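# Chains, contacts and geometry: an overview
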Amino acid sequence: MKNLTRPGGHAPQGTPDTNPLFKLPARRYVRNVGKINSLIASAITCLVFIVLCPTGMVRAEEAPGAPPAQLALPLNRGICIDRQVHSIPPTPDRITRADDVRVVRTIGFEFVKLIFNPVVFKSGDGLDTSHMAYFDQIVNYGVAEKLPVVVCIHPEWKYKEQVLGNPVEFSSFLGFMKALSAHIAAQWTCEQVALQLMTEPPPASTNSSDWNYWGTLQRRLWQTARAELPKHTLILSGDTGGSIEGLQHATPVDDDNVLYSFTFYEPNLFAWQGDAGSPLMHCLKGIPFHSGPETLAKLPGILAGVPPELQGEVKRRVEEYASQRWNRDKVAARIAKLDTWRRA
(Lines give C-alpha, C1' and ligand atoms only; values in the text may rest on other atoms or scores of the structure.)
Protein backbone atom coordinates (compact mmCIF):
# COMPACT_ATOMS: atom_id res chain seq x y z
CA MET A 1 0.00 0.00 0.00
CA LYS A 2 1.37 3.39 -0.96
CA ASN A 3 2.44 5.86 1.74
CA LEU A 4 -0.11 8.67 2.00
CA THR A 5 1.80 10.46 4.72
CA ARG A 6 5.52 10.13 5.09
CA PRO A 7 7.55 10.76 8.24
CA GLY A 8 7.76 14.48 8.88
CA GLY A 9 4.06 15.33 8.87
CA HIS A 10 2.88 18.37 10.81
CA ALA A 11 3.49 18.41 14.54
CA PRO A 12 0.46 17.33 16.55
CA GLN A 13 -1.47 20.14 18.16
CA GLY A 14 -0.63 20.09 21.87
CA THR A 15 0.89 16.88 23.14
CA PRO A 16 -0.13 13.23 23.31
CA ASP A 17 -1.01 13.88 26.95
CA THR A 18 -3.19 16.94 26.44
CA ASN A 19 -4.69 16.73 22.99
CA PRO A 20 -7.38 14.16 22.22
CA LEU A 21 -7.21 12.63 18.53
CA PHE A 22 -10.16 11.26 16.56
CA LYS A 23 -11.80 13.60 14.13
CA LEU A 24 -15.35 14.13 13.31
CA PRO A 25 -17.08 15.33 10.12
CA ALA A 26 -21.03 13.96 9.48
CA ARG A 27 -24.66 14.61 8.88
CA ARG A 28 -27.68 14.04 11.15
CA TYR A 29 -25.96 10.95 12.43
CA VAL A 30 -22.38 9.91 13.02
CA ARG A 31 -20.36 8.71 10.04
CA ASN A 32 -17.00 6.99 9.75
CA VAL A 33 -14.12 8.77 8.17
CA GLY A 34 -10.39 8.24 8.56
CA LYS A 35 -7.23 10.10 9.37
CA ILE A 36 -3.85 8.46 8.88
CA ASN A 37 -0.68 9.89 10.36
CA SER A 38 1.47 7.34 8.54
CA LEU A 39 0.27 4.68 6.20
CA ILE A 40 2.97 2.07 6.44
CA ALA A 41 2.55 -1.62 7.06
CA SER A 42 1.08 -1.40 10.55
CA ALA A 43 -0.09 2.21 10.68
CA ILE A 44 -2.61 3.34 13.24
CA THR A 45 -5.76 4.64 11.59
CA CYS A 46 -7.71 7.18 13.58
CA LEU A 47 -11.41 7.38 12.82
CA VAL A 48 -13.02 10.63 11.90
CA PHE A 49 -16.63 11.42 12.50
CA ILE A 50 -18.81 14.37 11.58
CA VAL A 51 -22.07 15.41 13.16
CA LEU A 52 -24.54 17.92 11.85
CA CYS A 53 -25.60 20.18 14.66
CA PRO A 54 -29.18 21.10 15.43
CA THR A 55 -30.23 24.34 13.80
CA GLY A 56 -32.63 27.10 14.77
CA MET A 57 -30.46 28.35 17.64
CA VAL A 58 -29.32 31.43 15.72
CA ARG A 59 -31.71 33.71 13.83
CA ALA A 60 -31.79 32.93 10.12
CA GLU A 61 -31.29 36.58 9.17
CA GLU A 62 -27.81 36.44 10.67
CA ALA A 63 -26.65 34.24 7.80
CA PRO A 64 -25.11 36.54 5.15
CA GLY A 65 -26.15 34.30 2.25
CA ALA A 66 -28.98 31.95 1.41
CA PRO A 67 -27.47 28.48 1.91
CA PRO A 68 -29.26 25.37 0.70
CA ALA A 69 -31.70 23.60 3.01
CA GLN A 70 -29.41 20.56 3.19
CA LEU A 71 -25.77 19.57 2.82
CA ALA A 72 -24.32 20.34 -0.58
CA LEU A 73 -21.56 17.79 0.00
CA PRO A 74 -22.43 14.91 2.35
CA LEU A 75 -19.25 13.32 3.66
CA ASN A 76 -19.19 9.64 4.51
CA ARG A 77 -15.89 7.73 4.40
CA GLY A 78 -12.82 9.87 3.84
CA ILE A 79 -9.17 10.17 4.72
CA CYS A 80 -6.80 13.04 5.50
CA ILE A 81 -3.46 13.36 3.73
CA ASP A 82 -1.67 14.94 6.66
CA ARG A 83 1.18 16.87 5.04
CA GLN A 84 1.35 20.41 6.32
CA VAL A 85 3.69 22.55 4.21
CA HIS A 86 5.80 25.39 5.58
CA SER A 87 7.22 26.72 2.33
CA ILE A 88 6.56 26.93 -1.39
CA PRO A 89 7.88 24.90 -3.02
CA PRO A 90 7.33 22.35 -0.24
CA THR A 91 10.14 20.14 0.96
CA PRO A 92 10.00 16.75 -0.80
CA ASP A 93 8.61 14.92 2.24
CA ARG A 94 5.61 17.31 2.42
CA ILE A 95 4.50 17.23 -1.22
CA THR A 96 1.10 15.76 -2.02
CA ARG A 97 1.12 14.03 -5.42
CA ALA A 98 -1.57 12.95 -7.84
CA ASP A 99 -0.80 9.29 -7.10
CA ASP A 100 -1.48 9.87 -3.39
CA VAL A 101 -4.98 11.13 -4.11
CA ARG A 102 -5.57 8.38 -6.66
CA VAL A 103 -4.75 5.77 -4.01
CA VAL A 104 -7.35 7.33 -1.70
CA ARG A 105 -10.01 6.76 -4.35
CA THR A 106 -8.87 3.31 -5.46
CA ILE A 107 -8.89 1.87 -1.93
CA GLY A 108 -12.51 2.92 -1.54
CA PHE A 109 -12.61 6.25 0.27
CA GLU A 110 -15.23 8.75 -0.84
CA PHE A 111 -13.49 12.06 -0.10
CA VAL A 112 -10.03 13.37 0.74
CA LYS A 113 -9.14 16.01 3.30
CA LEU A 114 -6.15 18.22 2.48
CA ILE A 115 -4.61 20.51 5.10
CA PHE A 116 -3.31 24.00 4.34
CA ASN A 117 -1.09 26.17 6.53
CA PRO A 118 -2.27 29.80 6.18
CA VAL A 119 1.22 31.12 6.89
CA VAL A 120 2.21 29.85 3.44
CA PHE A 121 -0.84 31.11 1.53
CA LYS A 122 -1.60 34.38 3.36
CA SER A 123 -0.13 37.78 2.50
CA GLY A 124 -1.29 40.80 4.46
CA ASP A 125 -5.07 40.54 4.74
CA GLY A 126 -5.39 38.42 1.61
CA LEU A 127 -3.76 35.66 -0.43
CA ASP A 128 -0.18 35.24 -1.52
CA THR A 129 -1.08 34.72 -5.15
CA SER A 130 2.43 33.52 -5.98
CA HIS A 131 1.81 30.45 -3.79
CA MET A 132 -1.73 29.58 -4.84
CA ALA A 133 -0.65 27.41 -7.79
CA TYR A 134 0.29 24.61 -5.37
CA PHE A 135 -3.02 25.00 -3.54
CA ASP A 136 -4.93 24.73 -6.82
CA GLN A 137 -2.82 21.85 -8.04
CA ILE A 138 -3.46 19.50 -5.15
CA VAL A 139 -7.17 20.34 -4.89
CA ASN A 140 -7.43 19.60 -8.61
CA TYR A 141 -5.90 16.18 -8.00
CA GLY A 142 -9.11 15.36 -6.16
CA VAL A 143 -11.28 16.91 -8.84
CA ALA A 144 -9.50 14.87 -11.52
CA GLU A 145 -10.28 11.70 -9.57
CA LYS A 146 -13.91 12.81 -9.06
CA LEU A 147 -13.11 12.71 -5.34
CA PRO A 148 -14.62 15.51 -3.21
CA VAL A 149 -12.03 17.55 -1.33
CA VAL A 150 -12.22 19.03 2.17
CA VAL A 151 -9.98 22.10 2.21
CA CYS A 152 -8.90 22.26 5.86
CA ILE A 153 -7.28 25.44 7.22
CA HIS A 154 -4.69 24.01 9.58
CA PRO A 155 -2.40 26.58 11.21
CA GLU A 156 0.27 25.69 13.71
CA TRP A 157 -0.82 25.93 17.35
CA LYS A 158 1.10 29.14 18.16
CA TYR A 159 -0.30 30.83 15.07
CA LYS A 160 -3.83 29.92 16.15
CA GLU A 161 -3.21 31.33 19.62
CA GLN A 162 -1.92 34.54 18.05
CA VAL A 163 -4.91 34.89 15.71
CA LEU A 164 -7.51 34.09 18.38
CA GLY A 165 -5.81 36.22 21.03
CA ASN A 166 -5.36 39.50 19.17
CA PRO A 167 -8.25 41.41 17.54
CA VAL A 168 -5.99 42.93 14.88
CA GLU A 169 -4.60 39.54 13.93
CA PHE A 170 -8.08 38.03 13.88
CA SER A 171 -9.33 40.81 11.60
CA SER A 172 -6.44 40.12 9.24
CA PHE A 173 -7.26 36.39 9.32
CA LEU A 174 -10.86 37.19 8.40
CA GLY A 175 -9.51 39.05 5.37
CA PHE A 176 -7.55 35.98 4.40
CA MET A 177 -10.60 33.74 4.83
CA LYS A 178 -12.69 36.10 2.70
CA ALA A 179 -10.12 36.02 -0.10
CA LEU A 180 -9.63 32.26 0.15
CA SER A 181 -13.39 31.61 0.12
CA ALA A 182 -13.77 33.79 -2.96
CA HIS A 183 -10.91 31.89 -4.60
CA ILE A 184 -12.60 28.55 -3.88
CA ALA A 185 -15.94 29.85 -5.18
CA ALA A 186 -14.33 30.88 -8.45
CA GLN A 187 -12.54 27.56 -8.95
CA TRP A 188 -14.73 24.70 -7.70
CA THR A 189 -18.38 23.83 -7.29
CA CYS A 190 -20.10 22.90 -4.04
CA GLU A 191 -20.13 19.26 -5.21
CA GLN A 192 -16.32 19.30 -5.47
CA VAL A 193 -15.06 21.14 -2.37
CA ALA A 194 -16.04 21.76 1.27
CA LEU A 195 -14.18 24.19 3.54
CA GLN A 196 -13.13 23.52 7.14
CA LEU A 197 -12.63 26.95 8.69
CA MET A 198 -10.02 26.09 11.31
CA THR A 199 -8.99 22.74 12.68
CA GLU A 200 -8.37 22.20 16.40
CA PRO A 201 -8.82 25.77 17.68
CA PRO A 202 -7.11 26.47 21.02
CA PRO A 203 -9.17 27.54 24.03
CA ALA A 204 -10.76 30.96 23.58
CA SER A 205 -12.58 33.03 26.19
CA THR A 206 -15.43 31.34 28.02
CA ASN A 207 -17.09 34.71 28.64
CA SER A 208 -19.74 35.33 26.00
CA SER A 209 -19.29 39.09 26.34
CA ASP A 210 -15.59 38.97 25.38
CA TRP A 211 -14.51 39.72 21.81
CA ASN A 212 -12.69 36.38 21.64
CA TYR A 213 -15.48 34.17 22.95
CA TRP A 214 -15.30 31.18 20.60
CA GLY A 215 -18.97 31.33 19.67
CA THR A 216 -18.45 34.93 18.51
CA LEU A 217 -15.19 34.24 16.67
CA GLN A 218 -16.53 31.20 14.87
CA ARG A 219 -19.71 32.97 13.84
CA ARG A 220 -17.60 35.73 12.29
CA LEU A 221 -15.53 33.15 10.42
CA TRP A 222 -18.69 31.40 9.24
CA GLN A 223 -20.31 34.66 8.12
CA THR A 224 -17.16 35.65 6.21
CA ALA A 225 -16.90 32.31 4.41
CA ARG A 226 -20.63 31.96 3.80
CA ALA A 227 -20.81 35.39 2.16
CA GLU A 228 -18.40 34.15 -0.53
CA LEU A 229 -19.53 30.52 -0.56
CA PRO A 230 -23.34 30.56 -0.36
CA LYS A 231 -23.68 26.96 -1.56
CA HIS A 232 -20.55 25.17 -0.33
CA THR A 233 -20.58 22.96 2.78
CA LEU A 234 -18.65 24.52 5.67
CA ILE A 235 -17.14 22.61 8.61
CA LEU A 236 -17.05 24.16 12.09
CA SER A 237 -15.95 22.89 15.51
CA GLY A 238 -15.62 23.67 19.18
CA ASP A 239 -12.47 25.17 20.68
CA THR A 240 -10.11 23.56 23.25
CA GLY A 241 -8.31 21.73 20.47
CA GLY A 242 -11.53 20.81 18.69
CA SER A 243 -12.36 18.40 21.52
CA ILE A 244 -15.67 16.79 22.41
CA GLU A 245 -15.96 19.14 25.38
CA GLY A 246 -15.23 22.14 23.16
CA LEU A 247 -17.97 21.12 20.74
CA GLN A 248 -20.43 20.56 23.57
CA HIS A 249 -20.07 24.24 24.42
CA ALA A 250 -20.08 25.50 20.83
CA THR A 251 -22.86 27.79 19.68
CA PRO A 252 -24.45 26.35 16.53
CA VAL A 253 -25.28 28.57 13.58
CA ASP A 254 -28.54 28.53 11.67
CA ASP A 255 -27.23 26.82 8.57
CA ASP A 256 -28.26 23.38 7.30
CA ASN A 257 -25.20 23.27 5.05
CA VAL A 258 -22.75 23.04 7.96
CA LEU A 259 -20.95 20.09 9.55
CA TYR A 260 -19.38 20.13 13.02
CA SER A 261 -16.11 18.33 13.68
CA PHE A 262 -14.31 17.12 16.77
CA THR A 263 -10.83 15.76 17.39
CA PHE A 264 -10.41 12.61 19.46
CA TYR A 265 -7.06 10.87 20.11
CA GLU A 266 -8.21 8.71 23.00
CA PRO A 267 -6.75 6.58 24.43
CA ASN A 268 -3.67 8.73 23.92
CA LEU A 269 -1.05 6.11 24.72
CA PHE A 270 -2.44 3.75 22.10
CA ALA A 271 -3.12 6.41 19.45
CA TRP A 272 0.24 8.19 19.71
CA GLN A 273 2.60 5.22 20.00
CA GLY A 274 5.36 5.55 17.41
CA ASP A 275 4.83 9.30 16.97
CA ALA A 276 8.13 10.80 15.80
CA GLY A 277 7.27 14.17 17.37
CA SER A 278 7.71 12.83 20.92
CA PRO A 279 10.88 11.01 22.09
CA LEU A 280 8.83 8.98 24.56
CA MET A 281 6.04 8.05 22.16
CA HIS A 282 8.45 7.38 19.31
CA CYS A 283 9.99 4.41 21.10
CA LEU A 284 6.65 2.81 21.94
CA LYS A 285 5.12 -0.07 20.02
CA GLY A 286 2.93 -3.05 20.73
CA ILE A 287 0.52 -1.23 23.06
CA PRO A 288 -2.79 -3.00 22.48
CA PHE A 289 -6.39 -1.91 22.32
CA HIS A 290 -8.35 -2.87 24.47
CA SER A 291 -6.68 -2.17 27.81
CA GLY A 292 -7.06 -3.90 31.15
CA PRO A 293 -5.09 -6.09 33.57
CA GLU A 294 -4.01 -8.28 30.63
CA THR A 295 -2.17 -5.26 29.18
CA LEU A 296 0.41 -5.55 31.98
CA ALA A 297 1.50 -8.93 30.62
CA LYS A 298 2.83 -7.10 27.57
CA LEU A 299 4.86 -4.64 29.64
CA PRO A 300 8.22 -6.47 29.37
CA GLY A 301 7.97 -6.51 25.57
CA ILE A 302 6.97 -2.85 25.47
CA LEU A 303 9.85 -1.81 27.73
CA ALA A 304 12.36 -3.81 25.66
CA GLY A 305 12.47 -1.10 23.01
CA VAL A 306 12.53 1.84 25.43
CA PRO A 307 15.74 3.63 26.47
CA PRO A 308 16.56 3.04 30.17
CA GLU A 309 16.02 6.69 31.10
CA LEU A 310 12.42 6.54 29.82
CA GLN A 311 11.42 3.13 31.14
CA GLY A 312 10.09 4.41 34.47
CA GLU A 313 7.74 6.86 32.80
CA VAL A 314 6.62 4.34 30.19
CA LYS A 315 5.91 1.76 32.89
CA ARG A 316 3.80 4.32 34.79
CA ARG A 317 1.82 5.23 31.68
CA VAL A 318 1.19 1.65 30.62
CA GLU A 319 -0.03 0.81 34.13
CA GLU A 320 -2.33 3.84 34.04
CA TYR A 321 -3.60 2.82 30.59
CA ALA A 322 -4.32 -0.69 31.86
CA SER A 323 -6.26 0.69 34.83
CA GLN A 324 -8.44 2.83 32.53
CA ARG A 325 -9.89 -0.27 30.81
CA TRP A 326 -10.35 1.22 27.38
CA ASN A 327 -12.62 -0.71 25.03
CA ARG A 328 -15.18 -0.15 22.31
CA ASP A 329 -17.94 0.68 24.79
CA LYS A 330 -15.83 3.32 26.54
CA VAL A 331 -15.05 5.03 23.24
CA ALA A 332 -18.73 4.88 22.29
CA ALA A 333 -19.72 6.43 25.61
CA ARG A 334 -17.35 9.35 25.04
CA ILE A 335 -18.74 9.99 21.56
CA ALA A 336 -22.33 9.54 22.77
CA LYS A 337 -21.98 12.85 24.60
CA LEU A 338 -22.15 14.53 21.20
CA ASP A 339 -25.35 12.77 20.30
CA THR A 340 -26.89 14.35 23.38
CA TRP A 341 -25.54 17.74 22.22
CA ARG A 342 -26.84 17.15 18.70
CA ARG A 343 -30.34 16.50 19.96
CA ALA A 344 -30.42 19.46 22.36
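Note that the structure is predicted; figures quoted are calculated from it, not measured.

### Points about the packing of aromatic side chains
With the rule as written, the count across this model stands at 11 aromatic pairs. Measuring from centroid to centroid gives 6.1 Å for F135 and W188, while their planes differ by 45°, and the two rings are tilted. In this pair, F135 is assigned in helix α3 (residues 132–144) and W188 in the loop between α5 (167–187) and β9 (193–196), connecting sequence segments 53 residues apart. Aromatic side chains Y159 and F173 sit 6.4 Å apart centroid to centroid with 65° between the ring planes, which places their arrangement in the edge-to-face category. Of this pair, Y159 sits in helix α4 (residues 157–165) while F173 sits in helix α5; the two residues are 14 residues apart in sequence, bridging distant segments of the chain. Given the relative accessible area of 0%, F173 is considered buried. These aromatic residues form a ring-pair network of at least three members: F116, F121, F135 and W188. The residue whose ring lies beneath R77 is F109, and the NZ or CZ to ring-centre distance is 5.0 Å. The aromatic ring of W326 is capped on one face by K330, whose charged end is 4.6 Å from the ring centroid.

### Here we look at the environment of N166
Along the chain, N166 turns up in the loop between α4 and α5. Along the chain, N166 and N212 lie 46 residues apart, while their C-alpha atoms are 8.3 Å from each other. Within the local environment of N166, its side chain forms a polar contact with the backbone nitrogen of V168, the two atoms lying 2.8 Å apart.

### Comments concerning the pattern of salt bridges
Tallied over the full model, the rule gives 14 salt bridges. One salt bridge connects R83 with D100, and the closest N-O pair in it is separated by 2.8 Å. Residue R83 is found in the loop between β4 (78–81) and α1 (98–106), and its partner D100 is found in helix α1; the two are separated by 17 residues along the sequence. Of the two residues, R83 and D100, neither departs from the other in class, the shared state being buried. When the shortest N-O distance is used, the salt bridge between K178 and E228 registers 2.6 Å. Residue K178 is located in helix α5, and its partner E228 is located in helix α6 (residues 214–228); the two are separated by 50 residues in the primary sequence. A residue is classified by how much of its surface remains accessible, and E228, at 22% relative accessible area, is partly exposed. One network of salt bridges, with partners in common, ties together D99, R102, R105 and E145.

### A short note on α6
Here α6 is 15 residues long and its end C-alpha atoms lie 22 Å apart, about the 21 Å a rise of 1.5 Å per residue gives. Where α6 is buried, its residues contact α4, α5, β9, β10 (234–237) and β11 (258–261).

### A few points about the confidence of the model for the protein chain
On average, residues of the protein chain score 83 in pLDDT, and 80% of them are at 70 or above. A low-confidence stretch, residues 1–68 stays under pLDDT 50, and its non-local contacts, those more than four residues away or across chains, total 230 contacts.

### Re unusual backbone geometry
With omega at -5°, the peptide bond leading from E266 into P267 counts as cis. For P267, the position within the fold is in the loop between β11 and α8 (268–272). For the peptide bond that leads from F289 to H290, omega is 25°, which places it in the cis range. Look at T240: it is not a glycine, yet its phi comes out positive at around 50°. With respect to the helices, strands and loops of the structure, T240 is situated in the loop between β10 and α7 (244–248).

### Topic: the packing of α5 against α6
In the contact formed by α5 and α6, the axes pass within 8 Å of each other and the chain directions differ by 30°. Put simply, α5 runs roughly parallel to α6. As α5 packs across α6, the resulting crossing turns out to be right-handed. On α6, the residues touching F170, F173, L174, M177, K178, S181, A182 and A185 of α5 are L217, R220, L221, T224, A225 and E228. For the contact of α5 with α6, a count of residues per class yields nine nonpolar, two polar and three charged.

### Some words on the environment of S208
Position of S208 relative to the elements: it lies in the loop between β9 and α6. S208 sits in the exposed class, given a relative accessible area of 53%. With residues up to four places along the chain from it excluded, the contact list for S208 reads Y213 and T216.

What counts as what
- Residues numbered from 1 in each chain as written.
- Predicted model: local features only at pLDDT ≥ 70, side-chain atom pairs only at ≥ 80, totals over all residues.
- Heavy atoms only, no water.
- Phe/Tyr/Trp six-rings, centres within 6.5 Å; stacked < 30°, edge-to-face > 60°.
- Helix = DSSP H or I, 4+ residues; strand = E, 2+ residues; numbered from the N terminus.
- Buried < 20%, exposed > 50% of the residue type's maximum accessible area, 1.4 Å probe, protein only.
- Lys NZ or Arg CZ within 6 Å of the ring centre and 35° of its normal.
- Polar contact = N/O pair within 3.5 Å; in protein donor to acceptor, adjacent residues only side chain to side chain.
- Salt bridge = Lys/Arg side-chain N within 4 Å of Asp/Glu carboxyl O.
- Expected span 1.5 Å × (residues − 1).
- Contact = heavy atoms within 4.5 Å.
- pLDDT = per-residue confidence, 0-100.
- Axes fitted to C-alpha atoms, helices over the stretch in contact; angles between N-to-C directions.
- Parallel < 35°, antiparallel > 145°, perpendicular 65-115°, else oblique.
- Left-handed = near helix turned anticlockwise from the far one by under 90°.
- Nonpolar A, V, L, I, M, F, W, Y, C, P; charged D, E, K, R; others polar.

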